[in-house]
Amino acid sequence: MASRISTTMDAAAFVAPAGGGEPGTVGDIHASDPVITVRGGNVHYGETHALKNVSLDIGRNEVVALIGPSGCGKSTFIRCLNRMNDTIEGARVTGEFRLDGQDIYAPEMDVVMLRTRVGMVFQKPNPFAKSIYENVAYGPRIHGLARSRSELDDIVYGSLRRAGLLDEVKDRLDRPGTGLSGGQQQRLCIARAIAVNPEVILMDEPCSALDPIATARIEDLIDELSQNYAIAIVTHSMQQAARVSRRVAYFHLGMLVEVGATDKIFTNPSHRLTEDYVTGRFG
Amino acid sequence: MQFSTLLLILCGLVVASFVLARRRAIATAGGYKGIRSLHSLPAYYGYFAAMWAAGPALLLLLLWSAASDPIIMGRVVEVLPEPYRSIQGPELDLVLNDVRVLAAGRGSGTEQQQALQGTAAHYQSLQAASRSLLATLAIFLALAGGLYAYRRINPRLQARNHVERVIRAVLVGASTIAVFTTLGILLSVVFEAARFFSRVPFHEFLFGMEWSPQTAIRADQVGSSGAFGAVPLFTGTLLISGVAMLVAVPIGLMIAIYLCEYAAPRVRALVKPVLEILAGIPTVVYGYFAAITMAPLLRELGQALGLQVASESALGVGLVMGVMIIPFVSSLSDDVINAVPQSLRDGSLALGATASETIKRVVLPAALPGIVGGVLLAISRAIGETMIVVMAAGLSARMTANPLEAVTTVTVQIVTLLVGDQEFDSSKTLAAFALGLVLFLVTLLLNVVALVVVRRYREQYE
Ligand SMILES: Nc1ncnc2c1ncn2[C@@H]1O[C@H](COP(=O)(O)OP(=O)(O)O)[C@@H](O)[C@H]1O
Ligand SMILES: [Mg+2]
């Protein structure tokens, strides 16, 4: 076992043999109705081996929380799922990444279409320097999703409503999106992401720049969105993971250490590293 | 005493102050072990004393060199030989100049110089006296300053803070020099321009349609009416700058976009230095290129197409000037495009936009204010550009919007008005200053607006 994960000896020594899924990961990596399936995913940034042999499913209408100490590869993992790592110089991705059975990294895969199906919300809210309306209309416009202005209006209003932002901004849709509060900006970014009607939404620490009230609103929103979308959310807050997710995946030094149902991970983790982390002895 | 000897002695005194003061600081602290009881490190006490030794003496040197010659000359005037007693103004200046020449031992033996021999000797002796007085005073000041600082040294003296204050004063002084030089230039131009406007009415200059600055020497000369309507110069400048911007802005911008958004690091590392070389080519070389290569080329091209192209066409000059400005536009745009946060690009790409859609819809709109600022700076460079237009643009003022014709520019006219033997108080030469003032004000305005726009833009992404 230790020979497969050979780069970091002391970490490898911690990783116990498989408990029911792929070797190297404790817990069941499978989902009953998977949208995303990853098998043996590896990422190198030049010399850095940032993601080591990770296998994980993400099910339809399921929220999976990815937790782990900083630099353990959570962002790297989700950025593989919409190929945002393509924009990074020197990033090399190997292994099997599938969306609805289609190989995400196949040469014939249309990255542009992939990204409309796998949306993303970033750590820092990043609204464009455009009006609130135009921020949400951005995706539908470039993909030609609306045939008329009224169709576009419908999409924009619907997305804002589903993002829980419409009531706050409906009489200032022409004002710049950058003028909103941090929490509103983040919900605007969520509205922007769902406006192109993706199947999966990736969220990379979406609340880390927000205050507790704005955070609570986003968490409620994630709850609602999970009825229609598969969501993978990276978070540093154990409480947040416990509140919003059905399953939790714990990453450590680029490896996926343990996957399991949320309450199991937080009350009765199987792996020492997971236990250390969720009990706050680590990270 | 030679001036250089004096400087050497002063340097010696300053160094000595430093060494002695440092040593004394250590001594007052009770040797190296007690250094922690000093307020500042020993070297700061050294600098403190050195500054006291150097500062007043240097100030004296400066003031003396500015004030001594006028005073000495005042004395010389009093002892001029009889025939020169009563003369004044420019003629007196000529005489005094001869005195200087004689005193420097470069006399050429004219009659006047022979008459002034005695005066020159007197001048020389006054100068010598002045020099030795200066040397004595400066050395005394350096000694006194050094000693004063030396006596003040004790462990509680905040030498470090004193040094900091002096450094600050020196830096402030350096920046005021720049400001005052600019003011001085502006004032001299304004002053001469005012003399021009006392002869030619302001509105006639700014709004007049005819430019023909050669005033007639004989009444029967034609085409020499002396008209100072600058509008044709402004339109000519605008036409050439316009062509230049049409070349420089799109190409510069596309280069910047390519370098920022598409180029691999290796390509970037290759192209950037090449652009810097382009920016470093002396404008005189561009001038050759415009006059010798571009102009004939355009002429032949025009002939092939059945068009009449002047050999000094605005088009040719503008094209070459545009090439000159490309690196300027590209490097400024490169900066602002790079300043657009990567998170915005990521946001757009993650929505499934292609790279070019992202650039067109997100990056460029976000960078637009900065790019506009850069373009304004480029325009101000274009209208101030002189060498290329002097070598390749026309001389006669013509009001036209046709870039195939020859036009002249403000800078070309300034040069032609001032080059050669000119009286400096004819309307013709003074007109050059009026033009200069306009040029100065317009570029100043453009630069200020550009800076404000760019600053706004920077704040947006703080
Ligand atoms: N663009 C990059 N270039 C090089 N190394 C990177 C890059 N992004 C991340 N890494 C490295 O990959 C590892 C995982 O990073 P990341 O996925 O961002 O961690 P996390 O999101 O869990 O904090 C870290 O060691 C980090 O230094
Ligand atoms: Mg991260």
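Residues numbered from 1 in each chain as written. Chains lettered and ligands numbered in written order. Predicted model: local features only at pLDDT ≥ 70, side-chain atom pairs only at ≥ 80, totals over all residues. Heavy atoms only, no water.

**Student:** I'm lost on the overall build of chain B in this one. Help?
**Tutor:** Counting its regular elements, chain B contains 16 helices and two strands. A compact globule built from 462 residues should have a C-alpha radius of gyration of about 23 Å, whereas chain B, at 32 Å, is more than 25% larger. For chain B, the spread of C-alpha atoms along the three principal axes comes to 85 × 80 × 35 Å. Within chain B, the fraction of its 462 residues that count as buried is 40%. (Helix = DSSP H or I, 4+ residues; strand = E, 2+ residues; numbered from the N terminus. Rg over C-alpha atoms; globule rule 2.2 N^0.38 Å. Buried < 20%, exposed > 50% of the residue type's maximum accessible area, 1.4 Å probe, protein only.)

**Student:** What's the story with the overall build of chain A in this structure? I'm lost.
**Tutor:** Within chain A, the regular secondary structure consists of 11 helices and 10 strands. Taking 19 Å as the expected radius of gyration for a compact globule of 283 residues, we find that chain A reaches 19 Å, a close match to that expectation. Taking the principal axes of the C-alpha coordinates as reference, chain A spans close to 60 × 45 × 35 Å. Burial status across chain A gives 55% buried among its 283 residues. Accessible area of chain A: about 11,700 Å², with a carbon and sulfur share of 48%. (Areas by Shrake-Rupley, 256 points an atom, 1.4 Å probe, with all protein chains shown as cover.)

**Student:** Help me out: how do you make sense of the environment of V93 of chain A in this one?
**Tutor:** Residues and elements named next belong to chain A. With respect to the element layout, V93 can be found in strand β4 (residues 91-99). Residues V93 and A261 lie 168 residues apart in sequence; the distance between their C-alpha atoms is 28 Å. Discounting residues that sit within four places of it in the chain, V93 has contacts with N42, V43, C80, N85 and Y105. (Contact = heavy atoms within 4.5 Å.)

**Student:** What should I look at first to understand helix α2 (residues 74-81) of chain A in this one?
**Tutor:** Along an α-helix, a turn takes 3.6 residues, which lines up residues three or four apart on a common side. Residues and elements named next belong to chain A. Counting buried positions along α2 gives seven out of eight residues, so the element sits mostly inside the fold. Within the span of α2, buried status applies to K74, T76, F77, I78, R79, C80 and L81. Note on α2: the residue one or two positions beyond its end, R83, has a positive phi of about 55 degrees.

**Student:** When you look at the pattern of salt bridges in this model, what are you seeing that I'm missing?
**Tutor:** Side-chain pairs of opposite charge can arise where the charged atoms are in close proximity. Residues and elements named next belong to chain A. Evaluated as defined, the whole model comprises 23 salt bridges over all chains. R83 is the partner of D86 in a salt bridge, and the nearest nitrogen-oxygen pair spans 2.9 Å. Note that E134 is salt-bridged to R141, the shortest N-O span being 2.6 Å. Several salt bridges share partner residues, and in doing so they unite D33, R60, D100, R117 and E199 into one network. (Salt bridge = Lys/Arg side-chain N within 4 Å of Asp/Glu carboxyl O.)

**Student:** How should the pairing of strand β6 (residues 118-121) of chain A be read in this particular structure?
**Tutor:** Consecutive residues of a regular strand have side chains that alternate between opposite faces of the sheet. Residues and elements named next belong to chain A. Burial along β6 is two-sided: the residues V118 and M120 and G119 and V121 are all buried. Note: β6 against strand β7 (residues 200-204), four bridges, orientation parallel. If you follow V118 over to β7, its bridge partner there is V200. (Pairing = 2+ DSSP bridges.)

**Student:** Explain the site of ligand 1 to me, please; I cannot follow it from the model alone.
**Tutor:** Residue and element names in this part refer to chain A. Around ligand 1 lies a shell formed by Y45, A50, S70, G71, C72, G73, K74, S75, T76 and I88. In the model, an oxygen atom of ligand 1 is placed 2.9 Å from a nitrogen or oxygen of the K74 main chain. At a separation of 2.4 Å, an oxygen atom of ligand 1 approaches a polar side-chain atom of T76. Summarising the interface, the protein chains cover 62% of the accessible area of ligand 1, which totals 560 Å² for the free molecule. (Near = heavy atom within 4 Å. Polar contact = N/O pair within 3.5 Å; in protein donor to acceptor, adjacent residues only side chain to side chain.)

**Student:** Is there a simple way to explain the environment of I231 of chain A in this structure?
**Tutor:** Residue and element names in this part refer to chain A. Relative to the helices and strands, I231 resides in strand β8 (residues 230-234). Once the C-alpha coordinates of I231 and R60 are considered, the two residues, 171 residues apart in sequence, prove to be 8.5 Å apart. Ignoring sequence-local partners within four residues, the contact set of I231 consists of E62, V63, V64, I201, M203, I222, L225 and S226.

**Student:** I keep staring at the domain arrangement of chain B and nothing clicks. Help me out?
**Tutor:** Accessible area lost during the coming together of the parts is what is often quoted as the interface size. Taken domain by domain, chain B holds domain 1 (3-157) and domain 2 (227-461). Once you take the C-alpha centre of each, domain 1 of chain B and domain 2 of chain B turn out to be 49 Å apart. (Domains from an automatic or database assignment.)

**Student:** I keep staring at the packing of helix α4 (residues 132-143) of chain A against helix α7 (residues 182-194) of chain A and nothing clicks. Help me out?
**Tutor:** In a packed pair of helices, the relevant descriptors are the angle between the two axes and the axis-to-axis distance. All names here are of chain A. Between α4 and α7, the least distance of the axes is 7 Å, while the angle of their chain directions is 30 degrees. As for the relative orientation of α4 and α7, their crossing is right-handed in sense. Here α4 contributes I132, N135 and V136 to the contact with α7, which in turn contributes L188, A191 and R192. Along the lines of polarity and charge, the residues of the contact of α4 with α7 split into four nonpolar, one polar and one charged. (Axes fitted to C-alpha atoms, helices over the stretch in contact; angles between N-to-C directions. Left-handed = near helix turned anticlockwise from the far one by under 90°. Nonpolar A, V, L, I, M, F, W, Y, C, P; charged D, E, K, R; others polar.)

**Student:** Just to check I follow, could you spell out the layout of surface pockets for this structure?
**Tutor:** The rolling of a water-molecule-sized probe over the atoms marks out the regions of remaining empty space. Space inside the largest pocket adds up to approximately 580 Å³. Among the elements of the structure, α3 (111-117) of chain A together with α8 (231-262), α9 (265-280), α12 (342-350) and α13 (355-384) of chain B are those that each provide at least two residues to the lining of the largest pocket. The biggest single contributor to the lining of the largest pocket is α8 of chain B, with four residues. (1 Å grid on protein atoms, 1.4 Å probe; cavity = no way out; pocket = protein on both sides within 12 Å on 5 of 7 lines; lining within 4 Å. Points joined across faces, edges and corners; volume = space filled by probe spheres on them.)

**Student:** Help me understand the sheet that holds strand β3 (residues 63-67) of chain A in this model?
**Tutor:** Sheet strands pair via backbone hydrogen bonds, and the direction of the pair is either parallel or antiparallel. Residues and elements named next belong to chain A. Here six strands make up an open sheet; going across it, the order is β6-β7-β8-β3-β9-β10 and the pairing mixed. Looking at which strands have only one partner, the edges of the open sheet turn out to be β6 and β10 (255-261). Strand-to-strand, the axes of this sheet are offset by a mean angle of 20 degrees, without reference to chain direction. For β3 and strand β9 (residues 247-252), the ladder comprises four bridges, and the chain directions are parallel. Across the sheet, residue V64 finds its bridge partner in β9, namely R247. Of the strands in this sheet, β6 and β7 are in contact with α7, which crosses β6 at around 170 degrees.

**Student:** Whenever I open this one, the side chain of R115 of chain A confuses me. Can you help?
**Tutor:** Note on placement: R115 of chain A falls in helix α3. Here R115 of chain A occupies a buried position and makes no salt bridge, while the nearest side chain of opposite charge, D86 of chain A, is found at 4.5 Å. If sequence neighbours within four positions are ignored, R115 of chain A has contacts with N82, R83, M84 and D86 of chain A together with L349, A350, L351 and G352 of chain B. (Lys, Arg positive; Asp, Glu negative; His and termini not counted.)

**Student:** Where do I start with the interface of chain B and chain A in this structure?
**Tutor:** At the interface, 19 residues of chain B touch 24 residues of chain A. Interface of chain B and chain A: buried area, both sides summed, is about 1,600 Å²; carbon and sulfur atoms make up 64% of it. Counting the surface chain B buries against chain A, the share from its top three residues, A350, L351 and R361 of chain B, is 39%. Linking chain B with chain A are zero salt bridges, by the criterion used here. (Buried area = accessible area lost by both parts, 1.4 Å probe.)

**Student:** What am I meant to see in the nonpolar core here?
**Tutor:** A general trend in soluble globular proteins is that nonpolar side chains are found buried together. Core analysis: the largest hydrophobic core is formed by 51 residues, its most contacted members being I240, M321, I325, I337 and I388 of chain B. Elements supplying a minimum of two residues to this core: α4 of chain A together with α8, α10 (283-305), α11 (314-339), α13 and α14 (387-392) of chain B. In contact with I337 of chain B, other than residues within four places in its own chain, are A256, I257, C260, E261, R345, V363, L364 and A367 of chain B. (Core = buried A, V, L, I, M, F, W, Y, C linked by side-chain atoms within 4.5 Å.)

**Student:** Would you mind going over the packing of helix α1 (residues 3-28) of chain B against helix α5 (residues 117-152) of chain B with me for this structure?
**Tutor:** Residue and element names in this part refer to chain B. In contact at an axis separation of 10 Å, α1 and α5 are set at 10 degrees when each is read in the N-to-C sense. Overall, the two elements α1 and α5 adopt an arrangement that is roughly parallel. When α1 is examined against α5, the residues L6, I9, L10, L13, S17, L20, A21 and R24 are found in contact with a partner set consisting of L134, A135, A138, I139, A142, L143, G146, Y150 and R151. Taken together, the residues of the contact of α1 with α5 break down into 13 nonpolar, two polar and two charged. (Parallel < 35°, antiparallel > 145°, perpendicular 65-115°, else oblique.)

**Student:** Honestly, the sheet that holds strand β1 (residues 34-45) of chain A in this entry has me stumped. Any pointers?
**Tutor:** All names here are of chain A. Spatially, β2-β1-β4-β5 is the arrangement adopted by the four strands of the open sheet, whose pairing is antiparallel. Taken across any chain shown, the strands that pair with only one partner, and hence form the sheet edges, are β2 (48-59) and β5 (102-103). In this structure, β1 lies alongside β2, joined through eight bridges in antiparallel fashion. From the neighbouring strand, T37 faces β2, where its bridge partner is D57. On the sheet, α2 packs against β1, β2 and β4 and is oriented at approximately 60 degrees with respect to β2.

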